[in-house]
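# Fold and geometry: a report
Chain by chain, the residues run as shown.
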Amino acid sequence: MTANELRTMYVNFFKERGHKEIASASLLPENDPTVLFTTAGMHPLVPYLLGEKHPSGKRLTDIQKCVRTEDIDEVGDDTHCTFFEMLGNWSLGDYFKQESISMSFDFLTNYLHIPLERLAVTVFAGDELVPADVEAEGIWKSFGLKSDQIFRYGRDNNWWGPAGQTGPCGSDTEIFYDMGKPKCNPNCGPACQCGKYVEIWNNVFMQFNKEADGSFTALKQKNVDTGMGLERVLTIFNGKTNVYDTELFIPIMQTLEEIVEKEEKDIPERDKRIICEHTRTITFILGDPMKISPSNTEQGYVLRRLIRRIIRLFKKAGINANYLCKLSRVIIEQYEPVYPELGENSEFILEQLQKEYDLFSKTLDEGLKKANRYLDDIRQGGVLNGELAFKLYDTYGFPIEFTSELALEKGYQVDMDGFWKKFEEHRNKSRQGAAGKFTGGLADNNEQTARLHTATHLLNGALRKVLGDEVSQRGSNITSERLRFDFSFGRKVTKEELEKVEAIVNEAIGKKVDVILEEMTPKKAYEEGAVGVFSGKYGEIVKVYTIPGYSKEICGGPHAKNTGELVSFKIIKEQASSAGVRRIKAVIDVQ
Ligand code: SER
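The text that follows walks through the structure, step by step, so that each part is easy to find.

Attention now goes to the side chain of H457. Relative to the elements of secondary structure, H457 occurs in helix α17 (residues 447-467). Given a relative accessible area of 3%, H457 falls into the buried group. With residues up to four places along the chain from it excluded, the contact list for H457 reads Y545, I547, S551, E553, C555 and H559.

Listed below in structure tokens is the structure:
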């Protein structure tokens, strides 16, 4: 089965069962201050899981591109990837456990033809908040799964979400494929890391919202959120043992082999895998319509860290890392038919890779020399002190994870606390960007964030009025205290221009304008002058929020009902974000 056959089979299966297909959202989540990347298909659906009406209905399906960095140290093994495609289906207050498990079982056994005895599932064992999921267990049994194929686990394993501090969550039932190896010990089960069990699908029964104070409240509706890993299913279906032997990685792995042969060098298999896997991830991040560049904060930092890791692995093998662009081209060509944004942004992708290569190769050699010297000096104790690790970061551009890896190769560790202490001392750069937010979390979805979201639309509209159509959104991030808006613009915005922008937004607030929500096709929305990034290709219906006279945007919401709720608006900062992109921070409710 090809990847495309699997994509089509999955989506069609759910469409035939009443689901509407929706488009993959951007890899960079909008309006979500606590996640750097879209890590699951449910991220763009949070407002709907919380009870907002989705324009496509209560049953949805899609293929979402995802980036997860928490498993980065696992990359190079058979199954873990930092980028992957997640096949998903959702019930927004519609079907629940019985139908969800039944559809999964049908798809796995009748469409993917997985033999019953190769399946293993986990169910929630219960705790003080939620009882054991005997219902899910009973459903699996009714389909013929034996007791030794069903495992009960607690909150550590069988509870999904929220992705961060707050947001929708619930107990889940995870579905594993048994690779057929013997158990590594009598207690071996899906929670064991020995490789016998590979997780392929997760059905989450989302019934709760975790609040900022740590309490759980019942959601307005009972939802199902599922996610299946395309790479893993493709591997298993085609009888392979690792993702690199599937069509998704064969072309790039082959190109790398050719490079290695031509250069008459050698690269360990694990390093080859890491180079290819990371190249795919950075190509997708750079290819996203949000146009993120390598930097020292947030998503840009992750990008930088991945690129620099590839460069070093090439360097370690004595091969010019400039080949990175060649590898990235393989990914662009291969994925472009499914993700056209890679083709549309190919120039940007390759230019950014070249720039980062040029920048890093200037300091890499000297940095490596220094790093080796530091590491050779620490034979006793085996720990590189934080100050030296910070020096490598600050002077030679070595991401801390990169230094850790270098140290580990020699059997040493880095004093991370010492590094962060130094880092804090020098922080005019955001620490959050360099370290936090990797595991992510979901935004507070309260009335205040909805108001700030409306302020963001007004700001976007006002900027376009004052600065012209060159302004287009590059990112948005809202906490309950402030909004942050990134937009394309080639120079600093003057004080006078900012005052004009502020005045327009305050005028809209003063006029107490109703915020109008409509549903329409993206084509109609654009014809009516709406702005907003929409990468869908399926002619689906989108939500459009209009603030007459001020703004019209394609957007999932939620928003304030009337601009008067914002009370007042004030810009607190305007600065450069990256080349050609400016950043504004602003607050509302100022008296
Ligand atoms: N949100 C769940 C997960 O990421 C199901 O997609 O596993």
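Picking up after the structure, the text goes on.
Scanning the entire structure with this criterion turns up 45 salt bridges. The closest approach of N and O atoms between R309 and E405, which form a salt bridge, is 2.7 Å. A residue pair is termed long-range when its members are at least 10 positions apart, and R309 in helix α9 (residues 298-316) and E405 in helix α14 (residues 400-409) qualify at 96 residues. For R309, a relative accessible area of 12% translates into the label buried. Ionic pairing is found between R451 and E447, a salt bridge with its closest N-O pair at 3.5 Å. Residue R451 and its partner E447 are both found in helix α17; the two are separated by four residues, about one turn of the helix. What makes R451 buried here is its relative accessible area of 18%. In the salt-bridge network here, residues are joined through shared partners; they are D271, R309, R312, K316, E405 and E409.

In space, the three strands of this open sheet follow the order β14-β15-β16, with antiparallel pairing throughout. On the outer flanks of this sheet lie β14 (516-520) and β16 (551-554), each paired with one strand and no other. In this sheet, adjacent strand axes meet at a mean angle of 20° when their direction is disregarded. One ladder, built from four bridges, connects strand β15 (residues 542-547) with β16; its direction is antiparallel.

Lining the immediate surroundings of the ligand are A40, M42, R68, M86, W160, N202, V204, D225, T226 and G227. One of the side-chain nitrogen or oxygen atoms of D225 is found 2.8 Å away from a nitrogen atom of the ligand. Protein burial of the ligand: of its 230 Å² of free accessible surface, 95% is covered by the chains. When contributions to the shell around the ligand are tallied by element, the ones reaching two or more residues are β8 (197-210) and β9 (216-229). Counting residues per element, the shell around the ligand draws most heavily on β9, which supplies three residues. Of the residues belonging to the shell around the ligand, the class tally is five nonpolar, three polar and two charged.

With 116 residues, the main nonpolar core has L108, L112, W140, M228, F249, F314 and F398 as its most contacted residues. If one sorts the elements of this core by residue count, helix α12 (residues 346-376) sits on top with eleven residues. With sequence-adjacent residues up to four places away left out, F398 is seen in contact with F360, L364, G367, L368, A371, L392, Y393, T403 and L406. Counting 33 residues, the second largest nonpolar core, distinct from the first, contains V471, F489, V505 and I571.

What follows covers unusual backbone geometry. With an omega of -5°, the peptide bond running from G161 to P162 counts as cis. Located in the positive-phi region is H113, a residue other than glycine, with phi close to 55°. With respect to the helices, strands and loops of the structure, H113 is situated in the loop between α3 (97-111) and β4 (119-124). For H113, a relative accessible area of 55% corresponds to the exposed category. Even without a glycine there, the phi angle at V567 is positive, about 65°.

This part takes up the packing of aromatic side chains. Counted by the stated rule, this structure contains 34 aromatic pairs. Judged by centre distance (6.3 Å) and plane angle (85°), the ring pair of F390 and F423 falls under edge-to-face. Here F390 is found in helix α13 (residues 386-396), whereas its partner F423 is found in helix α15 (residues 416-425), with 33 residues between them in sequence. By relative accessible area, F390 is classed as buried at 5%. Overall, the relative accessible area of 3% leaves F423 in the buried class. Every member of this aromatic cluster is reached through a ring pair, and the members are Y10, F13, F14, F107, Y111 and W201. Directly above the ring of F402 sits R312, whose terminal nitrogen or CZ lies 5.6 Å from the centroid.

Looking now at the pairing of β15. Taking burial as the measure, the six residues of β15 include six buried ones, the bulk of the element. The alternating pattern of β15 places V542, V544 and T546 and K543, Y545 and I547 on opposite faces, both of which are buried. Strand direction decides the pairing type here: β14 and β15, joined by five bridges, are antiparallel. Opposite E518, over in β15, you have V544 as the bridge partner. What sits between β15 and β16 in their antiparallel hairpin is a turn of three residues, with G549 showing a positive phi close to 90°.

Looking at where C325 falls in the secondary structure, it is placed in helix α10 (residues 323-335). The class for C325 is buried, based on a relative accessible area of 9%. Between the C-alpha atom of C325 and that of L384, which follows or precedes it by 59 residues, the distance is 33 Å. Other than its neighbours up to four places away in sequence, C325 contacts L350, L353 and Q354.

Parameters at a glance
Residues numbered from 1 in each chain as written. Predicted model: local features only at pLDDT ≥ 70, side-chain atom pairs only at ≥ 80, totals over all residues. Heavy atoms only, no water. Helix = DSSP H or I, 4+ residues; strand = E, 2+ residues; numbered from the N terminus. Buried < 20%, exposed > 50% of the residue type's maximum accessible area, 1.4 Å probe, protein only. Contact = heavy atoms within 4.5 Å. Salt bridge = Lys/Arg side-chain N within 4 Å of Asp/Glu carboxyl O. Pairing = 2+ DSSP bridges. Axes fitted to C-alpha atoms, helices over the stretch in contact; angles between N-to-C directions. Near = heavy atom within 4 Å. Polar contact = N/O pair within 3.5 Å; in protein donor to acceptor, adjacent residues only side chain to side chain. Areas by Shrake-Rupley, 256 points an atom, 1.4 Å probe, with all protein chains shown as cover. Nonpolar A, V, L, I, M, F, W, Y, C, P; charged D, E, K, R; others polar. Core = buried A, V, L, I, M, F, W, Y, C linked by side-chain atoms within 4.5 Å. Phe/Tyr/Trp six-rings, centres within 6.5 Å; stacked < 30°, edge-to-face > 60°. Lys NZ or Arg CZ within 6 Å of the ring centre and 35° of its normal.

The values reported here are purely geometric and, on their own, carry no functional implication.
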